[in-house]
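Descriptive structure summary
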Amino acid sequence: MRLAKRLDAVKPSPTLAITAKAKELKAKGIDVVGFGAGEPDFDTPKAIKQAAIAAIDAGFTKYTPTNGIPELREAIAKRIAQEHGIAYKATEVLVSCGGKHALYNLFQALLNPGDEVVIFAPYWVSYADMVRLADGVPVIVQTRHEDGFEPSHEAIKKAIGPKTRAVIVNSPSNPTGAVFGRATLRNIIDEVKGKDILVITDDIYDRLVYKGRFENVLTVDPTLHPQVVLVNGVSKTYAMTGWRIGWTAGPQALISAMQKLQDNSTSNPTSISQKAALGALTLPLDAEVEAMRRVFDERRQHIVKRLNAIPGVTCFDPGGAFYAFPYVGNLLGKKIPGQAEPIGTDEKFVAHLLDHHKVAVVPGSAFGAPGYLRLSFAIGMDQIDKGVDRIAEMVKSLE
Ligand SMILES: Cc1ncc(COP(=O)(O)O)c(C=O)c1O
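For the structure given in this document, a descriptive report is provided here. In this text the structure is predicted, and so the values were computed from the model without any measurement.

Overview of helix α10 (residues 271-282)
With 12 residues, α10 should reach 16 Å at 1.5 Å per residue; the first-to-last C-alpha distance of 17 Å fits that figure. Most of α10 is tucked away, with nine of its 12 residues classed as buried. Those residues of α10 lying buried are S271, S273, Q274, A276, A277, L278, G279, A280 and L281. Close packing links the buried residues of α10 with α2 (46-57), α3 (70-84) and β8 (246-249).

Comments concerning the sheet that holds strand β6 (residues 198-202)
Pairing within the open sheet is mixed, and its seven strands lie in the order β2-β8-β7-β6-β5-β3-β4. Two strands bound the open sheet, and with one partner strand each, they are β2 (93-96) and β4 (137-142). In this sheet, neighbouring strand axes are inclined to one another by 20° on average, regardless of whether the strands run parallel or antiparallel. Bridge analysis of strand β5 (residues 164-169) against β6 gives four bridges, and the strand direction is parallel. When the bridges of β6 are listed, V169 appears paired with T201.

Some words on the nonpolar core
Side chains of a nonpolar character, in soluble globular proteins, are inclined to be buried together. Ranked by internal contacts, the top residues of the largest apolar core, which has 48 residues, are L72, F120, V167 and Y238. Discounting residues that sit within four places of it in the chain, Y238 has contacts with T44, P45, I48, R79, A280, L281, L285, V289 and M292. If you look at the next biggest cluster of nonpolar residues, it comprises 44 residues, including Y205, V304, F322 and I391.

Here we look at empty space enclosed by the protein
A complete count under the given rule lists three cavities of 30 Å³ or more for this structure. Counted as a void, the largest cavity has a volume near 170 Å³. Considering the residues around the largest cavity, the lining is formed by 16 residues, among which R79, E83, D206, N232 and W247 are closest to the centre. Taken together, the elements giving at least two residues each to the lining of the largest cavity come down to α3 and β7 (228-233). Looking at the lining of the largest cavity, the element that brings in the most residues is α3, giving five residues. Of the residues in the lining of the largest cavity, the class split is seven nonpolar, four polar and five charged. The computed volume of the second largest cavity comes to approximately 130 Å³. As for the second largest cavity, its lining consists of 17 residues, of which F120, P122, N170, S173 and F180 are closest to the centre. Counting residues per element, the ones that place at least two in the lining of the second largest cavity are β3 (116-121) and β5. Element by element, the count of residues in the lining of the second largest cavity is highest for β3, at three residues. The residue makeup of the lining of the second largest cavity, split by class, is 12 nonpolar, five polar and no charged.

Quick notes on the rules
- Residues numbered from 1 in each chain as written.
- Predicted model: local features only at pLDDT ≥ 70, side-chain atom pairs only at ≥ 80, totals over all residues.
- Heavy atoms only, no water.
- Helix = DSSP H or I, 4+ residues; strand = E, 2+ residues; numbered from the N terminus.
- Expected span 1.5 Å × (residues − 1).
- Buried < 20%, exposed > 50% of the residue type's maximum accessible area, 1.4 Å probe, protein only.
- Contact = heavy atoms within 4.5 Å.
- Pairing = 2+ DSSP bridges.
- Axes fitted to C-alpha atoms, helices over the stretch in contact; angles between N-to-C directions.
- Core = buried A, V, L, I, M, F, W, Y, C linked by side-chain atoms within 4.5 Å.
- 1 Å grid on protein atoms, 1.4 Å probe; cavity = no way out; pocket = protein on both sides within 12 Å on 5 of 7 lines; lining within 4 Å.
- Points joined across faces, edges and corners; volume = space filled by probe spheres on them.
- Nonpolar A, V, L, I, M, F, W, Y, C, P; charged D, E, K, R; others polar.

Have a look at this one:
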């Protein structure tokens, strides 16, 4: 079968692959602990579901404007105004089918062949592939565990050149949970300000911060506004991953170009989900969101402590999101009993962990960070304990 060459540059998502394999084993009745999924385990708050049910009952089941219903775009603009003090017009907001769709459209609308996009590693898998699908070139900037996975000013400066079209900031980060400090955000701002470069700030984990308050390039420097593209959504904050609502706020020309793409591909995001998202943004849900954050925080502290207690494992203390990102590189020289060769790679470590110890985690290589593992702690405390016990068991068995 002759297929489009553009897909050759893209690998299937390893996160989805691991999650699918774990689900398959579970379906066979095997007791697998799944640390793979990037979604809250909580149910969508009831008031949000009711907003959706009311939409169905009222017959709100037809096409809407492609860019989203005006009241949702206004609610998004209002939230941005409250958080950043910047007044976006509702026309400068585009509602898409999840943050992922928003980012996909963004790169398609922004990039010409050869345009570079700076991405800090460890990075969310989809960024690099979405940039490639838009004929862009991902420029990967390594960050270090010992620097809290924040890029140095030198590294930022080095990555930015005449072909740079955008820099992506994802703080709190998937996969590390790192939160960029004001100094790092300031360094990024200093390197792009006044140039024809956008900062794409993927704030999808903005409500899941465990130390201090959420910051992005706009909270540090509101005057960067014309060069900023905000991406966010309801998936993580309101446990609404399946509803598929995300959005972009940014310069009008870019938003209109993205809308043109959406006009000719998906049209509007689901009408019912838009009403649910409107409920999420306008109903009094702060207490429920805070309750979920607290549960994540308890799990975060627990899993990090437990992982660090395993000999040979070092786990970074994440300041946000719901991922633990331990380093197991020092164990890769060891052997699995009965095997002649050392484990060698994080992928092989992960495969053995799933096949023999029934624990699903994502290898760091998938995020540009060989030697690491990503464990989502969006699962119950009993599952966390069971899974970490099994990891400790595997580590203990290594020779
Ligand atoms: C960093 C990051 N950005 C964006 C998204 C997109 O989420 P959604 O498409 O569910 O809104 C995710 C989801 O995993 C993510 O981790």
